[in-house]
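Letter by letter, the chains look like this.
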Amino acid sequence: MKAPELLLPAGSLDKMRAAYDFGADAIYAGQPRYSLRARNNDFRLEQIAQGIQEAHQRGKKFFVTSNLIAHNDKVRTYLRDIEPVIACRPDALIMADPGLIMMVKEKWPEQEIHLSVQANTTNWATVKFWQKMGVSRIILSRELSLDEIEKIRQECPDMEIEVFVHGALCIAYSGRCLLSGYFNHRDPNQGTCTNACRWEYKTHDAAVDPNTGEALATPMEQGFSFSKSREDADSQFSSTHMQRHPLADQIYLLEEKGRPGELMPIMEDEHGTYIMNSKDLRAVEHVERLVKIGVDSLKIEGRTKSLYYVARTAQVYRRAIDDAVAGRPFNPHLITELEGLANRGYTGGLLERRPANDYQNYETGTSVLQRSHFVGQVRGHADGMAEIETMNRFAVGDMIEIIHPSGNRTVKLEQMFNLEGEPVQVAPGNPVRVRVPLTGPLEGALIARLL
């Protein structure tokens, strides 16, 4: 079987290097103005040029994400701003806007373009359409099952396809959610999503007029009121086989934690504190099937995630791909290793069809550490001592995991010293540097404390 490309996110040059060190074949990074990561993005033109140069020196690929849905003001400046990027010779541009794609292909017909997941490609006919438009790869929608991906592969055997296998999921078709724009005037498809779906919401009972079944007008801080009919809610179920939950007969008011007093009407069951908070995608157990289908690239989400996240996911998915290609059975320990990353709970997303509540985390809106905590990075080593730049607290007596491209190992931390050679018991966190006795491969190693 052919090994698919392993594609990792990079929010900085250091993360790019870590991705390559730990097994990535390619990375993607984006211009802040034209990608969907306007915040926490170090890649200006200078960094893009340097990244592309380093990638090609390593024999790796560098894709530039330019996938916003453009309004007129950005159409006006796009060709001017993308020209110096194309001059750096990226391996592909990841794009979503048909107008911008047309403009790039007209001016630079040889420039390779990958269609972003933001274009929501869900069927083989759409793949063939974009192939005729000169697009060389389709990043398929996250809303597809494994069987649907296989059907697209069969109908489009000569088109490259890419599939997300790990990272955050959106409650809407990617980038199509209106919540962030509604609350904060920051639009997801402009790269400024505030993840309003993950905020904490509380529910309140609404008084109902017994004669009309409508929620009574409720005063709010800004003098806003509403009226909601139960018949409107019932109509959602008229053409389905869904069963109404008993508590759905009651109308509720939704209050977001940061907006006390602003009550919004909703219908829900007994769950619902984080009613729109999707779990994170984890499809490492499906890598073998995706390899057999013939997917060309397996993609990991997370350009704003940490260096530790990039290294750990690259290492785990590299092993999963290599095992699948070699015909080795899936190693369930890879799932355990991914528990070392902060996550909102994992799901296979829509790759496998499951009950709807399997995709949601109703307990918390934040990522939770389950197995380990990233605490530092090795910045130098000599004479059996490693100098560690600490990121989070750890102490003598802790079990630590040394994460290195050559393999990981676990040791108990017996001693620790400050840079003056004095023994210390605790490294409190960034920006402290300490020295600890360690041997073996250490160049660029990451350190995690096991929980």
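Criteria and thresholds
Residues numbered from 1 in each chain as written. Predicted model: local features only at pLDDT ≥ 70, side-chain atom pairs only at ≥ 80, totals over all residues. Heavy atoms only, no water. Salt bridge = Lys/Arg side-chain N within 4 Å of Asp/Glu carboxyl O. Helix = DSSP H or I, 4+ residues; strand = E, 2+ residues; numbered from the N terminus. Buried < 20%, exposed > 50% of the residue type's maximum accessible area, 1.4 Å probe, protein only. Polar contact = N/O pair within 3.5 Å; in protein donor to acceptor, adjacent residues only side chain to side chain. Contact = heavy atoms within 4.5 Å. Phe/Tyr/Trp six-rings, centres within 6.5 Å; stacked < 30°, edge-to-face > 60°. Lys NZ or Arg CZ within 6 Å of the ring centre and 35° of its normal.

(A) Molecular detail of the pattern of salt bridges. Inspection of every chain in the model, using the stated rule, returns 28 salt bridges. Here Glu83 and Lys107 are joined by a salt bridge, their closest N and O atoms 3.8 Å apart. One end of the pair, Glu83, is in helix α3 (residues 72–87); the other, Lys107, is in helix α4 (residues 98–107), and 24 residues separate them in sequence. For Lys107, a relative accessible area of 42% puts it in the partly exposed group. Each of Glu5, Arg137, Glu160, Glu162 and Lys299 takes part in one network of salt bridges that share partners.

(B) Representation of the side chain of Asp296 in the model. Along the chain, the position of Asp296 falls in the loop between α9 (287–293) and β12 (297–300). Judged by relative accessible area, Asp296 falls into the buried class, the value being 14%. A polar atom in the side chain of Asp296 sits 2.9 Å from the backbone nitrogen of Ile161. In this view, Asp296 contacts Lys2, Pro4, Glu5, Arg153, Met159, Glu160 and Ile161; residues no more than four positions away in its chain are not counted.

(C) Up close: the environment of His71. Structurally, the position occupied by His71 is in the loop between β3 (61–65) and α3. Assessed through its relative accessible area of 47%, His71 is described here as partly exposed. When the C-alpha atoms of His71 and Asp97 are compared, they prove to be 9.9 Å apart, with 26 residues separating the residues in sequence.

(D) Local environment of the side chain of Arg318. Tracing the sequence through the fold places Arg318 in helix α10 (residues 307–326). Arg318 gets classed as buried once you look at its relative accessible area, which sits at 16%.

(E) Molecular detail of helix α5 (residues 124–132). In this structure Asn123 caps α5, since a side-chain oxygen of it lies 3.0 Å from the backbone nitrogen of Ala125. Taken from the residues just after α5, Gly134 is the one with a positive phi, measuring 95 degrees.

(F) Quick peek at the packing of aromatic side chains. Scanning all chains against the criterion turns up four aromatic pairs. Between Phe43 and Phe62 the ring centres are 5.9 Å apart and the planes differ by 70 degrees, which places this aromatic pair in the edge-to-face class. Here Phe62 lies in strand β3 and Phe43 lies in the loop between β2 (26–30) and α2 (45–58), a separation of 19 residues in the sequence. Relative to Trp130, the ring of Phe129 lies with its centre 5.2 Å away and its plane at 80 degrees, an arrangement referred to as edge-to-face. For Phe129, a relative accessible area of 44% corresponds to the partly exposed category. One residue, Arg142, lies across the ring of Phe164, its end atom 3.9 Å from the ring centre.

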